[in-house]
Amino acid sequence: MKCKGIPPDVVTYNCLIHAMCNSCQWKEATRLFDEMVATNCQPNVFTYSILVDALCKEGRVFDAQDIVERMVQLGIEPNIVTYNSLMDGYCLQVELFQEMTRNGVIPNVVTYSTLLSGMSCVGQLATAQELFAEMCAYGLDPDLISYSILLDGLCKHGRIHEAFRIFHVMQSNGLEPNIIYYTILIDGLCLVGQLKVARELFSAFTVKGLHPSVYTYNIMMKGLCKEGLLDEAYELFQKMEADGCMRDSCSFNTIIRGFLHNNDKEKATQILHEMVKEGLSADFSTAIMVVDLFCDSTGEFFRALVQNSENYRSVIDMLLYKGMEKLNNIAELAKQRHHVIGQYALKHAAGLNLKMIDEYSA
């Protein structure tokens, strides 16, 4: 293929990675994945699901869970195959736990923490809490990892009051929470709409001698955007840089989506250009929102995007690449130059008028 000048697309890479995983050639599968990203052929939900399934079958559930978390951070929603694979992996762990106890091997804190993680991940919170109570009843003292796993599970499922109860128990047992635990709580509070409490926790970091991570900032910004507090979210976005916290792709995507949801196209456009200048890329959700705005009959957003910007072509090409991948047209479009992809997408996907096409092509 390569010798004939035909670049592999996402389907080609998925087939190869699947074959490597099936034959346990992890090094080669990883090499293919890295090559895929390096050539700007973005992995999709099927790529990640292949890796998750293979890792779970090998018993490497934590590695698989890391991949799922990475997917979500990149704006790629796990599908039913992804979750089924994870559940299979965690069920295997339960079977091993039962076999271990039958053979007289006494589980330790690490054993229980592994199971807690699995049960929380697949939404089996009642089982997770039973395991936690069982661990304590056997005289095992939960460590910071055990507490963080249970806290995260409770917060992700909206059970914030129970999460705070566990948090206070942890403190009373002499375990001092770090920024990770406060970030988990802020995420949970934003999820259930308790933004006031989330703000109070965030504001108290300086007093506690804690420094928010990029993940903490992103979660707080997302919560503020969700409530329509764009000015405050943007202040936080700017404060990150001033505080020496490097903004990542998620930071930009979060704030851009916030402005787009609130119909502030001008501000969204400005930050979109900033993101591209920093070498970062829009995720699927952001890209699709922007491409949808191309369809506006007045062409106002498109003109704002290209006006007075030296790198507007990079912005448009990046968005169109993402949009076309979402529409599964990459195989056909990869044969054409980005400039041609832009024209094709604008004419056939976004439905823009010819005047705007000419502006882009000029």
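Once a new chain begins, its residue numbering starts again from 1 and follows that chain's sequence as written. The predicted nature of this model means local features are confined to residues of pLDDT at least 70 and side-chain atom pairs, given and counted, to a pLDDT of 80 or more, with totals for whole chains, interfaces and linings taken over all residues. The side-chain quantities take in all heavy atoms of the structure and omit both hydrogens and water.

Participant: Sorry, what's going on with the overall build of the protein here?
Facilitator: Helix and strand definitions here come from DSSP, where helices need a minimum of 4 consecutive H or I residues and strands a minimum of 2 consecutive E residues; each element is numbered from the N-terminal end. The helix and strand tally for the protein stands at 22 helices and 0 strands. Considering the protein as a whole, with its 362 residues, one finds that 46% of them fall into the buried category. Of the contacts formed within the protein by residues at least 6 apart in sequence, a portion of 60% connects residues at least 24 apart. All accessibility values rest on the Shrake-Rupley procedure with a 1.4 Å probe; residue burial counts only the protein chains present in the view. Approximately 18,600 Å² of the protein is accessible, and the part contributed by carbon and sulfur atoms is 55%. Relative accessibility decides the category of a residue: with a 1.4 Å probe and only protein chains considered, values under 20% of the type maximum give buried, values over 50% give exposed, and everything between is partly exposed. The criterion used for residue contact is that any of the two residues' heavy atoms lie within 4.5 Å.

Participant: Please explain the packing of helix α8 (residues 144-156) against helix α9 (residues 160-172) as it appears in this structure.
Facilitator: How two helices sit against one another is set out by the angle between their axes and by the gap between those axes. Note on definitions: angles span 0 to 180 degrees between N-to-C directions of axes, and those axes are lines fitted to C-alpha atoms, for helices only across the stretch in contact. Put simply, α8 and α9 touch, their axes get as near as 8 Å, and they point 165° apart. Relative to α9, α8 is oriented roughly antiparallel. The two elements α8 and α9 meet at a crossing, and its hand is left-handed. Facing L144, Y147, L150, L151, L154 and C155 of α8, the residues of α9 in contact are I160, E162, A163, I166, F167, V169 and M170. When residue character is reported, Ala, Val, Leu, Ile, Met, Phe, Trp, Tyr, Cys and Pro are called nonpolar, Asp, Glu, Lys and Arg charged, and the others, Gly included, polar. Counted by class, the contact of α8 with α9 contains 12 nonpolar, no polar and 1 charged residues. Convention used here: angles under 35 degrees read as roughly parallel, angles over 145 as roughly antiparallel, angles from 65 to 115 as roughly perpendicular, and any remaining angle as oblique. Left-handed describes a crossing in which the near helix is turned anticlockwise from the far one by less than a right angle; the clockwise case is right-handed.

Participant: Looking at this structure, how should I read the side chain of S146?
Facilitator: Mapped onto the elements, S146 comes out in helix α8. Judged by relative accessible area, which is 0%, S146 ranks as buried. Definition of a polar contact: a pair of N or O atoms within 3.5 Å, with one able to donate and the other able to accept a hydrogen when the atoms are protein atoms, and with sequence-neighbouring residues admitted only if both atoms are side-chain atoms. Here D143 takes part through its side chain, which lies 2.8 Å from a polar atom of the side chain of S146. Dropping the residues within four chain positions of it, S146 is found in contact with V109, S113, L116, F132 and M135.

Participant: Got a minute to help me understand the nonpolar core in this structure?
Facilitator: The nonpolar side chains of a soluble globular protein tend to be buried with one another. Side-chain atoms within 4.5 Å are what join buried Ala, Val, Leu, Ile, Met, Phe, Trp, Tyr and Cys residues into a set we call a nonpolar core. Core analysis: the biggest nonpolar cluster contains 60 residues, and L151, L185, I186, M220, I255, I256 and I271 have the highest contact counts within it. Per-element tally for this core: the top contributor is helix α10 (residues 179-191), with 8 residues. Not counting residues within four places of it along the chain, the set of residues in contact with L185 comprises L151, C155, I160, A163, F164, F167 and L201.

Participant: Teacher, can you tell me more about unusual backbone geometry here?
Facilitator: Leaving glycine aside, a negative phi is the common case for residues, and trans is the common case for peptide bonds. Positive phi outside glycine occurs at N40, with the angle close to 65°. Mapped onto the secondary structure, N40 falls in the loop between α2 (26-38) and α3 (45-57). When its relative accessible area of 37% is taken as the criterion, N40 is described as partly exposed. If you check the backbone angles, N263 has positive phi at about 65° while not being a glycine.

Participant: Any chance you could explain the pattern of salt bridges here in plain terms?
Facilitator: Close approach of charged atoms allows side chains with opposite charge to pair. Within this document, salt bridges are pairs made up of a side-chain nitrogen of Lys or Arg and a carboxyl oxygen of Asp or Glu, the two lying within 4 Å of each other. Considering all chains together, one arrives at 8 salt bridges under this definition. When the shortest N-O distance is used, the salt bridge between R31 and E35 registers 2.8 Å. Separated by 4 residues within a single helix, R31 and E35 lie in helix α2, roughly one turn from each other. For E35, a relative accessible area of 18% puts it in the buried group. Where salt bridges share partners, they join E28, R31 and E35 into one cluster.

Participant: What is the right way to read the environment of Q42 from this model?
Facilitator: Checked against the element boundaries, Q42 lands in the loop between α2 and α3. Taking the C-alpha atoms as reference, Q42 lies 9.0 Å from D9; in sequence the two are 33 residues apart. Among the polar contacts made by the side chain of Q42, one reaches the side chain of N40 at a distance of 3.1 Å.

Participant: Is there a simple way to think about the packing of aromatic side chains in this case?
Facilitator: Given two aromatic rings, their pairing is described by the distance between the two centres and the angle made by the two planes. Put simply, two rings from Phe, Tyr or Trp (the six-membered ring, in Trp's case) pair if the centres are within 6.5 Å, and we call them stacked under 30 degrees between planes, edge-to-face over 60, tilted for the rest. Here the structure, examined in full by the defined rule, presents 10 aromatic pairs. Residues F33 and Y48 carry aromatic rings whose centres are separated by 5.7 Å and whose planes lie at 70° to one another, so their mutual orientation is edge-to-face. On the criterion of sequence distance, the pair formed by F33 in helix α2 and Y48 in helix α3 is long-range, its members being 15 residues apart. The burial state of F33 is the same as that of Y48; both residues are buried. Between F164 and F167, the aromatic rings sit 6.4 Å apart at their centres with planes inclined by 75°, giving edge-to-face as the arrangement.

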